[in-house]
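Listed below are the residues making up each chain.
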Amino acid sequence: MDSIKPFFPINNKVEKGNVVSLVITVIIYFAVAVIAGIIIGVISHIPIVGILTTIISALVELYCLIGLILAIIKFLQ
């Protein structure tokens with residue numbers, strides 16, 4: 001898990017047993033996913049850019065999902 005820590009810096013704030021730090025991290029990841037989804041949803045109506053925004057949207061949501069899972073694992077350890 002140490003090798004992926006630099007890619008998920010928000011998870012460094014999560015402490016074992018500290019529910020407040022976990023909730024803040026979950027809210028941040030959720031907000032990023034929602035805001036990126038809205039922005040990319042608006043931009044995706046442009047024909048040529050639509051394919052690229054679909055790929056970027058999938059990557060952003062995958063990043064947020066992995067970040068949430070790692071935050072929960074760090075909280076439970």
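About the cut-offs
Residues numbered from 1 in each chain as written. Predicted model: local features only at pLDDT ≥ 70, side-chain atom pairs only at ≥ 80, totals over all residues. Heavy atoms only, no water. Helix = DSSP H or I, 4+ residues; strand = E, 2+ residues; numbered from the N terminus. Expected span 1.5 Å × (residues − 1). Buried < 20%, exposed > 50% of the residue type's maximum accessible area, 1.4 Å probe, protein only. Contact = heavy atoms within 4.5 Å. Phe/Tyr/Trp six-rings, centres within 6.5 Å; stacked < 30°, edge-to-face > 60°.

### Structural notes on helix 2 (residues 47–76)
Consideration 1: Here helix 2 is 30 residues long and its end C-alpha atoms lie 44 Å apart, about the 44 Å a rise of 1.5 Å per residue gives.
Consideration 2: Within helix 2, the full set of buried residues consists of Gly50, Thr53, Ser57, Cys64, Gly67, Leu70, Ala71 and Phe75.
Consideration 3: Packed against the buried residues of helix 2 are helix 1 (19–43).

### Brief notes about the packing of aromatic side chains
Consideration 1: Across all of its chains, the model carries two aromatic pairs by this definition.
Consideration 2: Both rings, one in Phe8 and one in Tyr63, keep their centres 4.7 Å apart while their planes meet at 10°; by these two values the pair is stacked. Taken together, the positions of Phe8 in the segment before helix 1 and Tyr63 in helix 2 put the pair 55 residues apart, joining distant regions of the chain.
Consideration 3: Between Tyr29 and Tyr63, the aromatic rings sit 6.3 Å apart at their centres with planes inclined by 65°, giving edge-to-face as the arrangement. Of the two residues, Tyr29 sits in helix 1 while Tyr63 sits in helix 2, which places them 34 residues apart along the sequence.
Consideration 4: Since its relative accessible area comes to 33%, Tyr63 is described here as partly exposed.
Consideration 5: A network of ring pairs unites the aromatic residues Phe8, Tyr29 and Tyr63 as a single cluster.

All we've got here are geometric facts, nothing functional implied.
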